[in-house]
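# Breakdown of the fold
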Amino acid sequence: MTAAARFSKAQMAHMPPMPPAPPLIDPEHLAAFVDALPIPVIAKPAGTRSRLNRQVPFYRIPIQEFFSKVHRDIPPTRFWGYGKSVPGPTIEARSGSEILVEWPNQLPPKHFLPIDHNLMGAEKGVPESRTVVHVHGARVPPESDGWPEDWYAPGKSATYHYPNQQDAAMLWYHDHAMGINRLNICAGMAGLYVIRDAFEDSLNLPKGAYEVPLVVMDRMFRTDGQIYYPVTQLPDAPWVPEYTGNASLINGKLLPYLDVQPRKYRFRVLNASNARFYFLSLDNGMPFQQIGTDQGLLPAPAAVSRLAVAPGERADVVVDFSEHRGERVLLKNLTPTLMQFRVASEAVTDTSALPRTLRAIPKIAETDAVLTRRLTLEEVDNLVGEPMIHLLDGKRWHEPVSEKPVLGTTEIWELLNVTEDAHPIHLHLVRFRILDRRAIEVSDLVYDKKVTYRGDAVPPDPNEAGWKDTVRATPGASTRIIVKFEGYAGRYVWHCHILEHEDNEMMRPYEVVAPAKR
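Just so we're clear, the structure is a prediction, and the values are computed from it rather than from any experiment.

About the criteria used
- Throughout, a residue's number is its position along its own chain's written sequence, starting from 1.
- Whole-chain, interface and lining totals are the exception, using all residues; otherwise, since this is a predicted model, local features are given only for residues with pLDDT of at least 70 and side-chain atom pairs are given and counted only at 80 or more.
- Here the side-chain values reflect all heavy atoms present in the structure, with hydrogen atoms and water set aside.
- Each helix corresponds to a stretch of at least 4 residues labelled H or I by DSSP, and each strand to a stretch of at least 2 residues labelled E; elements are numbered beginning at the N terminus.
- At least two bridges found by DSSP between two strands are what make those strands a pair.
- Axis lines are fitted to C-alpha atoms, over the contacting stretch for helices. Their N-to-C directions set the angle, which ranges from 0 to 180 degrees.
- Here, residues are in contact when the closest pair of their heavy atoms is within 4.5 Å.
- pLDDT runs from 0 to 100 and stands for how confident the predictor is about each residue.
- Of the two site types, the cavity is a set of points on a 1 Å grid over the protein atoms alone where a 1.4 Å probe fits but cannot get out, and the pocket is an open set with protein on both sides within 12 Å along at least five of seven lines, each lined by residues with an atom within 4 Å of a point.
- Grid points are joined across faces, edges and corners, and a volume is the space filled by probe spheres set on the points.
- Three classes are used: nonpolar for Ala, Val, Leu, Ile, Met, Phe, Trp, Tyr, Cys and Pro, charged for Asp, Glu, Lys and Arg, and polar for all others, with Gly counted as polar.
- Put simply, two rings from Phe, Tyr or Trp (the six-membered ring, in Trp's case) pair if the centres are within 6.5 Å, and we call them stacked under 30 degrees between planes, edge-to-face over 60, tilted for the rest.
- For every residue, the accessible area (1.4 Å probe, protein chains only) is compared with the maximum for its type, and the residue is labelled buried under 20%, exposed over 50%, or partly exposed between those bounds.
- Cation placement over rings: the criterion is NZ of Lys or CZ of Arg within 6 Å of the ring centroid and within 35° of the ring normal.

## What about unusual backbone geometry?
Backbone geometry follows two general trends: most residues other than glycine have a negative phi, and most peptide bonds adopt the trans configuration. For the bond running from valine 86 to proline 87, omega is -5°, close enough to zero to count as cis. Tracing the sequence through the fold places proline 87 in the loop between strand S4 (77-82) and strand S5 (88-94). Not every positive phi belongs to a glycine, and asparagine 251 is a case in point at roughly 55°. Mapped onto the elements of the fold, asparagine 251 is located in the loop between strand S12 (247-250) and strand S13 (253-254). Positive phi, normally seen in glycine, also occurs at leucine 334, with a value near 55°. Within the element layout of this structure, leucine 334 appears in the loop between strand S21 (328-333) and strand S22 (337-343).

What follows is the structure, encoded as structure tokens:
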């Protein structure tokens, strides 16, 4: 691994200039709202397969190269994705009803985005278009979780078992191949996985045509319509610290519109970007009524005027257009506009509901925790000419496993972020509750290995008060989560969901250990 493999933004300021970007499409110069918002198709079973002497619904979703238009006035863009669409087909499952999914790798042999062979798992000689699929938020056995080193090359396939033994929630599936995860997801490898259950059905929330997924992902496009991924000035070390684009796709389209009726709609929002945090609002000041987060429903709706969604997070919101007949309502990310809602003029009958209470969420007492782990989030920025790396608890991927919770036990993980960036931290397998955030004295931790708190602990906002699987770890602060390790024993991972960080050592294995036999 060369010392020039990875450099921070500060280091790059002291180095030769970055290579100039090619001419890029400026979304502000595009005709707005000329493409209708696409709705991902619902995946259909290909039949059934026998598993443990029972017939289980079986899906087959190929991973392929294809071309798709992101805007009426832009040439077709090359993507790699699932089922020839971005996002891929939505898998819908019922809680408690298992399915099998085969993920054949039908990609061409050469990657079209810049691989950095200095990164762990991306060494020269391994197949460039390898892949492995992870269903983010799924409680699955370890062999079906998408272990980053379990990638497979074109012409190979993997079939995974999804038990769906969990509450209704919108999960998502995406690539998780070691060392090129950021490139594969940027190329288009993402789709939705929705679990439904009888309790959620009973709430009479907007459904059918009135339940709409909004998958947001930012990109840069060259004027020929192709995805641009920047590189450093070092030909053999192209990794950059973060990828953020000037163009935001929603369900694979730039600046789309959606015709809506003057009634309640349920929008299922996913931030599938590599690194961009979104802060969503409606230009007429109308609030979102957030009813759910990563792992399902909140205890009660929470009115949110600006919806913060980090990479990997989901937000389940209801918007009522009934008082806005004939209006054009814009969805914005701070200043830039993302899409337009066109509200019909004629009144309609709306039989859906926005209940005052949703799903009861039991509180996990801190005294239930058998252990508190203090884990640092670090960006090691050395002198000019030395590499920067992103680390969890000061450790690299291949160091021995240090987190070994016992199946069925509860732990508190205190994430101590000594960097200047927020890091969305995702734990595979489990769901958790956010306890609090609290500012810390960073210098005390960095230099003296001592945790000094500054100010009081702040509980999560009401729209974070549900079950989570991804948490925004605030810069210069402690973020505490309480986790019950349920489901399966085996090896899983936890990592930052800024994909450039994840590919650059900010990912660690952990092992859920079976309890000792008495």
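Okay, back to it.
## Things to note about the sheet that holds strand S8 (residues 157-162)
Taken together, four strands build an open sheet; the order of strands is S1-S2-S6-S8 and the sheet is mixed. The open sheet is flanked by strand S1 (47-51) and S8, the only strands paired with a single partner. Across the sheet, the mean angle separating the axes of adjacent strands is 35° when strand polarity is ignored. With six bridges connecting them, strand S6 (residues 99-104) and S8 associate as antiparallel partners. Following the sheet pairing, tryptophan 103 is matched in S8 by alanine 158.

## Description of the environment of glutamate 346
With respect to the helices and strands, glutamate 346 occurs in the loop between S22 and strand S23 (369-381). Considered as a pair, glutamate 346 and tyrosine 447 are 101 residues apart in the sequence and their alpha carbons are 65 Å apart. With sequence-adjacent residues up to four places away left out, glutamate 346 is seen in contact with Pro262 and Arg325.

## Observations regarding the confidence of the model for the chain
Looking at the chain as a whole, the pLDDT averages 95, with 96% of positions reaching at least 70. Note that pLDDT drops below 50 for residues 1-5; the model gives that stretch 14 contacts with residues more than four away or on any other chain.

## A short note on the sheet that holds strand S10 (residues 190-196)
Taken in spatial order, the four strands line up as S5-S10-S9-S7 in an open sheet, and their pairing is mixed. Looking at the sheet topology across the chains shown, the edges are occupied by S5 and strand S7 (133-136). Ignoring which end each strand starts from, the neighbouring axes of this sheet average 20° apart. Sheet analysis places strand S9 (residues 169-175) next to S10, joined by six bridges and oriented antiparallel. Paired with tyrosine 173 across the bridge in S10 is glycine 191.

## What about the layout of surface pockets?
The probe, sized like a water molecule, is rolled over the atoms to show the empty space still left. Roughly 440 Å³ of volume is contained in the largest pocket. As for the largest pocket, its lining consists of 20 residues, and the residues nearest its centre are Pro27, Glu28, Asn246, Pro336 and Thr337. Mapped onto the lining of the largest pocket, the elements with two or more residues apiece are S12 and S22. Looking at the lining of the largest pocket residue by residue, the class counts come to eleven nonpolar, six polar and three charged.

## Considerations on the packing of aromatic side chains
This structure, assessed with the given rule, holds 20 aromatic pairs. For the pair tryptophan 103 and tyrosine 173, a centre-to-centre distance of 5.0 Å together with 50° between the ring planes defines the contact as tilted. You can see tryptophan 103 sitting in strand S6 and its partner tyrosine 173 sitting in strand S9, a full 70 residues away along the chain. Just as tryptophan 103 is buried, tyrosine 173 falls in that class too. Measuring from ring centre to ring centre gives 5.2 Å for tryptophan 413 and tryptophan 494, while their planes differ by 75°; the resulting arrangement is edge-to-face. Of this pair, tryptophan 413 sits in strand S25 (residues 410-417) while tryptophan 494 sits in strand S31 (residues 490-496), placing them 81 residues apart in sequence. Each member of the pair, tryptophan 413 as well as tryptophan 494, carries the same accessibility label: buried. Every member of this aromatic cluster is reached through a ring pair, and the members are Tyr210, Tyr265, Phe267, Phe321 and Phe341. The ring centre of tryptophan 151 lies 5.8 Å from the NZ or CZ of arginine 130, which sits over that ring.

## As for the environment of alanine 347
With respect to the helices, strands and loops of the structure, alanine 347 is situated in the loop between S22 and S23. Between the C-alpha atoms of alanine 347 and phenylalanine 432, which are 85 residues apart in sequence, the distance is 42 Å. Once residues within four sequence positions are removed from consideration, alanine 347 is found in contact with Pro262 and Arg325.

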